[in-house]
Structures are given as C-alpha cells and as structure tokens.
Amino acid sequence: MNKKKGPTSRDIIPCDVLFINPPWVSKTQNIRSGMKHAMPPLSILSIAAYLESKDYIVQVLDVHVERLLESDLRASMRRANPRWVGITLLTATSVAGHKIAKIVKEECPNCRIVIGGVHAEAVPEETLSNSAVDFLVRGDGEIVFYNLLQAGENTNSVKGITYREGKSIVMNPPEDVTMDLDIYPRPAYHLVPMHLYYPAIAAYKKLPVINMMMTRGCPGKCTFCNSANTSLRTRTAASVVEDIIYLNKTYGIKEIEFFDDTFTVMVKNVKESELNNIDLSTLRGVVNCSEPVMEKSHKVFLKRFKHINFSQDALCASYALAENTFAVTSGGFIQPTQTDCVNY
C-alpha cells in the first residue's frame, strides 16, 4: 500500500499564516556531523493544527529538510503571500532564522512576523533588535498565536507576547498554562513532506522514524535549562497511541522517538491500559533511559512490553542523543539520505 508523502515548497498555496522552520547551519564535518537529523518541527505543527481548527488557512515551509536555496524561499513567499509568518528559533538556527525574517519582509512587506522558540524567549531584546520581527511569543504558542491573530491592533491585551513600542520593549503578562494537552489537535503532519525526514545516525532501530512528544515541562530546577521551573503536563496515553496508529497507517512509520525532556517521569501513563487496546504482536520496542531517577519507570516499561519480546539493546547507542527515548518498531528498512543543510 502506498503511503502519503506530504507537500513540499512547490505545493505552497496562498494562506493566512505561513510557518517556517529554519535550517541548521553546518560548515564543517566534525563529531557532531553524525548527530545531524531532520525531524518534523513539532512546535509549529501543533500551532498550525490549532489554527486550522479555528478555520485559518495555514501552510508550513521546512527550509531545513528541503535544503531550500534563498531563491526557493523567495518564490515560496510570493506564492503564499501570507498575512502572518511564524518562525521558530533554536540557537543553532537563529542566524539563519533572522536572515529568513528579513527575506520574508522584503517579499511580503505587509505581513507580520512572529518569532518563537527557546532561543527567542531566552534573548527577547536581541530577537526584537531585528527590525523585520514584529512579535515574540513566549511559552506554549497555540493559544497565544491564535489570540494575537484575533487581536488586530489591540496587541497590548494579548498575554504571552513581547514586542517593540517605540524604543522600548514591552513584555505582556504570561498566558495561563494549559494543563490539559489533549485539547490540542494532532500536529499538522499533513502540511510537511513526511517522506523527507530522517533521524540521527545510531538513534534508531528501524526506518522510517518520526518524533513525538507526550509531555511538556519538567519538574527539574536545573539553572542551565530552558525547561527549568516549567509546569509538567502530559497527554493521555490513549491520545498518544491514537497518533502512533495514525502515523503508522498513514505514513508507514515504523518507529516513534519521544523527544520529551522527562518522558518516563509519568509512571501512570507508562502503565496506562489503553496500550492493550492495539495489536502489538508485530511490534518490538526500544527504550532508552539514562537518568537514575527514572529507574522505576524504566522497569515498568520493560515489564509492560516483556510479552512482545521487548528489548533494550539500543541503550548505549542513544545516550549521547537523548536521555529518555521510547520507540515502537516494526519491520522494514529505508536508508535515509543525509546531506548538509543550506548555509543561510
């Protein structure tokens, strides 16, 4: 059975909101070269899905996985002609992201550009020093972005945003934390080229692989981490299993990597009986858990999947890439094509 692939930049259509995932810049081949990967940008896909549920026309442009040239970006912007553009920033993508923001303004001068992501939130003044950037979203983006779209010119009433007002930086109060993550729709996987994504070397058992998240936040107080002092929340096990089935049946996904900061903290979800409601007879699992504090949850996982020949033989291979990764895997192997990203 043929599985869906998903749209690329050539399929971009006029829209209300366009989200852009900037490229990771790699100039040299070094020890980090083997850690290169391209996975769906879950944060913007979740926001995109939420806005679609509110009847906005949304498109996503993944510059990273498509290795787009500047000319490709400009052509996509002209086709999309969005009123709003959202760009997510990590530190590794910040230089490229800021240059993309300037290109977007040149092609669509009347659109408003919204920046989000952990890097932007960590350095708001620096982010807003780019004259092309209009707003910065802090925290979970779904409700904040929607409220910003609805606000029109009354942005001073929108919680969770930071923006310029003259020569000053205005930081509105934070948006209330959403504890029930099941209110958000499934990430908008249908808006990205799912067939192009690939994991880092040695971070998988079977291909194709896709990332997911069940929790947000962390109970830890590590001073170096952006997740410190955030509220730990989780989706229900039932909704996660539903998404695993969807990804397998729709895109032929054979392995799921959970990118949660502390996935196994939620022992109750690990034990949830909903996992018994799907046929796991042809699946085998791999769980990676390196933190001693997670030992109890780790043992629960091993016991729970023992009846389907559960193994932990990939533990050492993934320690350097993810502290807590759970994968559900079945047959098939497709060699990913790993290439350098475009240097913006």
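Here the structure is shown first, and the text comes after it.
Overview of the structure. Values in this document were obtained by computation on a predicted structure and should not be read as measured data. (Residues numbered from 1 in each chain as written. Predicted model: local features only at pLDDT ≥ 70, side-chain atom pairs only at ≥ 80, totals over all residues. Heavy atoms only, no water.)

### Details of the overall build of the protein chain
Next, step 1: Across its full length, the protein chain carries 11 helices and 13 strands.
Next, step 2: Per-residue burial over the protein chain gives 51% buried out of 344 residues.
Next, step 3: Considering only intrachain contacts with a sequence separation of at least 6, the fraction spanning at least 24 residues in the protein chain is 78%.
Next, step 4: Of the roughly 16,600 Å² of accessible surface on the protein chain, 53% is carried by carbon and sulfur atoms. (Helix = DSSP H or I, 4+ residues; strand = E, 2+ residues; numbered from the N terminus. Buried < 20%, exposed > 50% of the residue type's maximum accessible area, 1.4 Å probe, protein only. Contact = heavy atoms within 4.5 Å. Areas by Shrake-Rupley, 256 points an atom, 1.4 Å probe, with all protein chains shown as cover.)

### Here we look at the sheet that holds strand β7 (residues 168-171)
Next, step 1: The mixed open sheet is built from seven strands, whose spatial order is β2-β1-β3-β4-β5-β6-β7. Only two strands of the sheet have a single neighbouring strand rather than two, namely β2 (58-62) and β7. Taking each pair of neighbouring strands and ignoring which way they run, the sheet shows an average axis angle of 25 degrees.
Next, step 2: Sheet analysis places strand β1 (residues 17-21) next to β2, joined by five bridges and oriented parallel. Along β2, the bridge assignment pairs V17 with V58. (Pairing = 2+ DSSP bridges. Axes fitted to C-alpha atoms, helices over the stretch in contact; angles between N-to-C directions.)

### Comments concerning the nonpolar core
Next, step 1: Grouped together as the largest cluster of nonpolar side chains are 43 residues, with contacts concentrated most on F19, L51, Y189 and L247.
Next, step 2: If sequence neighbours within four positions are ignored, F19 has contacts with I44, I47, A48, L51, V58, Q59, V60, L61, G86 and F145.
Next, step 3: Among the nonpolar cores identified, the runner-up in size contains 26 residues, and I12, L18, L89 and A101 belong to it. (Core = buried A, V, L, I, M, F, W, Y, C linked by side-chain atoms within 4.5 Å.)

### So, the pattern of salt bridges
Next, step 1: Applying the stated criterion across every chain yields a total of 13 salt bridges.
Next, step 2: Of the charged contacts, one joins E153 and R112 as a salt bridge, the two residues approaching to 3.2 Å between their closest N and O atoms. Of this pair, E153 sits in the loop between α7 (141-151) and β6 (161-165) while R112 sits in strand β4 (residues 112-116), and the two are 41 residues apart along the sequence.
Next, step 3: Overall, the relative accessible area of 65% leaves E153 in the exposed class.
Next, step 4: Residue D243 pairs with R235 through a salt bridge whose shortest N-O separation is 2.7 Å.
Next, step 5: The buried category is assigned to D243, whose relative accessible area is 4%.
Next, step 6: One network of salt bridges, in which partners are shared, links E70, R74, R78, E106 and E107. (Salt bridge = Lys/Arg side-chain N within 4 Å of Asp/Glu carboxyl O.)

### Examining the side chain of R138
Next, step 1: Looking at where R138 falls in the secondary structure, it is placed in the loop between β5 (135-137) and α7.
Next, step 2: Of the side chains with opposite charge, E121 comes closest to the buried, unpaired R138, at an N-O distance of 5.3 Å.
Next, step 3: Reaching out from R138, the side chain makes a polar contact with the backbone oxygen of N172 at a distance of 2.5 Å.
Next, step 4: Sequence-distant contacts of R138, that is, excluding residues within four places in its chain, are made with E121, V144, G160, I161, T162, M171, N172, P173 and P174. (Lys, Arg positive; Asp, Glu negative; His and termini not counted. Polar contact = N/O pair within 3.5 Å; in protein donor to acceptor, adjacent residues only side chain to side chain.)

### Regarding the environment of T93
Next, step 1: Checked against the element boundaries, T93 lands in the loop between β3 (84-88) and α4 (94-107).
Next, step 2: Expressed as a C-alpha distance, the spacing of T93 and N21, which sit 72 residues apart in the sequence, is 8.8 Å.
Next, step 3: Excluding its chain neighbours within four sequence positions, the residues that come into contact with T93 are P22, P23, W24 and T88.

This is a description of form; function is not addressed.
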